[in-house]
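# Structural features, examined
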Amino acid sequence: MPLAKPLNTETAVTQAVGNEIRPEIVRDPVCFHRWWVTLPTLPFENITSYLSIEDISAFAQTCKAVASRLVACGLEEVRYFLSLPKDKQNSCQTIIHSNRQLLQYLRTLSIFSRRHFPVQLSPAFYACYTRHVRQQIIDAKALTLKPVGSLNMDSYDRHYHDLELCIIAATRVDGFIDILTPDRHGHWCRSAEIKSNEICYFDQQRANHILFIPQKVSKSLVGEPPHNKNIGKDHLLSVYECHDDSWVEQQQLTIGEVFPQIRTILKNDVYLYPMNDFYLSPDASALVCAYQLREVAILGREAEGQWVNKGSITTRIRNLLFSGDSRHVALWDGSYIALMGKSDDGAWSQTGKIIVTDTDIDMNLITGAGSESEDEFELEVLFSPDNQHFVTWFDNAGVDAHRDNFFVVIASLGPHGKWREKQRIVKTCEPPTTYYPLEPAFGPDGRLLIITTDDGVEIWELNSEDQWLPAVQEQPHCGKGSVHFSVHPDEFISINWRNISVWRKAVSGTWGKAQTFSAGSLTRVSPDGGTIVCNEPSAHTDIHQRQPSGEWISQRIEFSIRDGCFNNESCLLAVVPPLETETDHLILLGVNADGIWQEKDRLPSEHRIHAFCFSPCSRSIQIESDRGGNGVRIQSFFSFWRIVPDQC
């Protein structure tokens, strides 16, 4: 049921957010480099506007003349982007494709020679922008926090907010949803009013330019025969998109359009259950719709912009996870994992089925009665940054059950696009136990796997033959904790309740602890792994900073903190000290060129600060305050502050 749409003033490239456009002419760049060199500037730029980041990089390698022409089209930005670790590339892709406001902002900046760069190249331009912002903050002699607005949520029944994406979806008791976003001056206002008669869960829709609103489906179809012509024609889903700061209902989807298998659904159900489980992919190009934890449909865009069913599967589903590139999704319940993959034409199909069971070489699961039990694990799943592997594991044997082993399963993506179990890492424990702390983490390039347990840290590396092998490492110490990775591929940080350890790979190939710090009651690690902040028992805070030489220096702040967060570029740190008076405070710290952190500004708050975060562009910080007292939270109060360097 498509609706009449307003006049379209966007180009096809602008509409294709998250989609890769590959004209026939770019399939073999080497054959065409002479033609490209002699092509006039305007058609040259028009054609290159359809190229992906990888295509631009490939063209630049055909000859120097082509490379020099591509500089004006964003080649320098592309080169920098491709030099980043895979996890950072994924992060840039996710942020830019879910945040159209940020894309519009980047196109206004004078630091880029090409302002109206195509959307395909926007992650590369965003990566260069973050590098520019980091240097600007480091060079600034002072930073000032200037208020740009506030928002009182007292009048709303409930709300979902994503301050990083600058969007708040607030529900009023009369069945309307207000979409609140900042205007061009940073002041928050109601940008849309959407009617909805169904409960909406927006926490799985992380994008600020598109919203999927479920509608209450009539139960009158229950009991009607499957051949009834009206089955599946009820309005299920509305698609709202933001264009030029205005939200418009672009499309209405019926049950039958979302779930082509609706006749089978109604045949097996006593009555029609609510359909309001929707999950948007990180790049906002696919929407997973789930009905009754067993029927799954994946929607995607057609070339003209309409959302249609791109694939379906019947499988048990209680958990869902997209890969970093949004081309794979894992759907699982208990020990059963189904994998769906996206082909080049946008269609989704099943690409794997992993059933995690005890093998013959594994020890048995013993119940409280002492008998063997059927395998059924509550699994967790994690994709590697290069999207070529995922791990699944469990740390709980279940109620009244004890095990003398737990394990991590590594699955890999084969050459034909199919997933299979590749390797199993078994950890034994004595005596048998119900719970065994176990957590894996992939390194930034996807070729390093760190597994933390009560026995310490275990390091695995992927060799050139695509085999995971245990690395040579010094004897680990007890104490499960968390792992944080550095921008340096041969370094990571492990944290447990007692110690912070910096692990480094020596020239000999052996991993060992290069530095150890005492851990406090609260520890924060910057996104680049170069700064560690921790409380000390003596009511002060230590900041450990990595130097370019690899050495770490320590700096002490003479007060403790109860919370803290870094910006994406790891050059700003916002902290909140313990609440000792009626006035709360947020303190903004910035790092200088020598690696020293200094207080830049301080904000008093009449209400207790509950949460705070930086915007993706690091130009502002948002603060959520509790307006209640005596530990009782009343509806939130948001305030927004622009970060202004002294030279701006």
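## A few points about the packing of aromatic side chains
A complete count under the given rule lists 21 aromatic pairs for this structure. Between Phe322 and Trp348, the aromatic rings sit 6.4 Å apart at their centres with planes inclined by 80°, giving edge-to-face as the arrangement. Separated by 26 residues along the polypeptide, Phe322 in strand β13 (residues 319-322) and Trp348 in strand β16 (residues 348-355) bring together distant segments of the chain. Here Phe390 and Trp419 contribute two aromatic rings whose centre-to-centre distance is 5.1 Å and whose plane-to-plane angle is 55°, an arrangement assigned as tilted. Residue Phe390 is found in strand β19 (residues 389-393), and its partner Trp419 is found in strand β21 (residues 419-433); the two are separated by 29 residues along the sequence. Classification of Phe390 by relative accessible area gives buried; the value is 0%. By relative accessible area, which is 5% here, Trp419 ends up buried.

## Here's the deal with the pattern of salt bridges
In the structure shown here, the tally under the stated rule is 20 salt bridges. For Lys427, the salt bridge goes to Glu458, with nearest N and O atoms at 2.4 Å. Taken as a pair, Lys427 in strand β21 and Glu458 in strand β24 (residues 456-462) lie far apart in primary sequence, 31 residues in all. One exposure class covers both Lys427 and Glu458, and it is buried. When the shortest N-O distance is used, the salt bridge between Arg602 and Glu599 registers 3.0 Å. Its relative accessible area of 44% is what places Glu599 among the partly exposed residues.

## Observations regarding the pairing of strand β32 (residues 540-546)
Of all 7 residues in β32, 7 are buried, a share of seventy percent or more. Side-chain alternation along β32 places His540, Asp542, His544 and Arg546 on one buried face and Thr541, Ile543 and Gln545 on a second face that is also buried. Bridging between strand β31 (residues 531-536) and β32 involves 6 bridges; their strand directions are antiparallel. Residue pairing for β32: Glu536 is matched across the bridge by His540.

Cut-offs used in this document
Residues numbered from 1 in each chain as written. Predicted model: local features only at pLDDT ≥ 70, side-chain atom pairs only at ≥ 80, totals over all residues. Heavy atoms only, no water. Phe/Tyr/Trp six-rings, centres within 6.5 Å; stacked < 30°, edge-to-face > 60°. Helix = DSSP H or I, 4+ residues; strand = E, 2+ residues; numbered from the N terminus. Buried < 20%, exposed > 50% of the residue type's maximum accessible area, 1.4 Å probe, protein only. Salt bridge = Lys/Arg side-chain N within 4 Å of Asp/Glu carboxyl O. Pairing = 2+ DSSP bridges.

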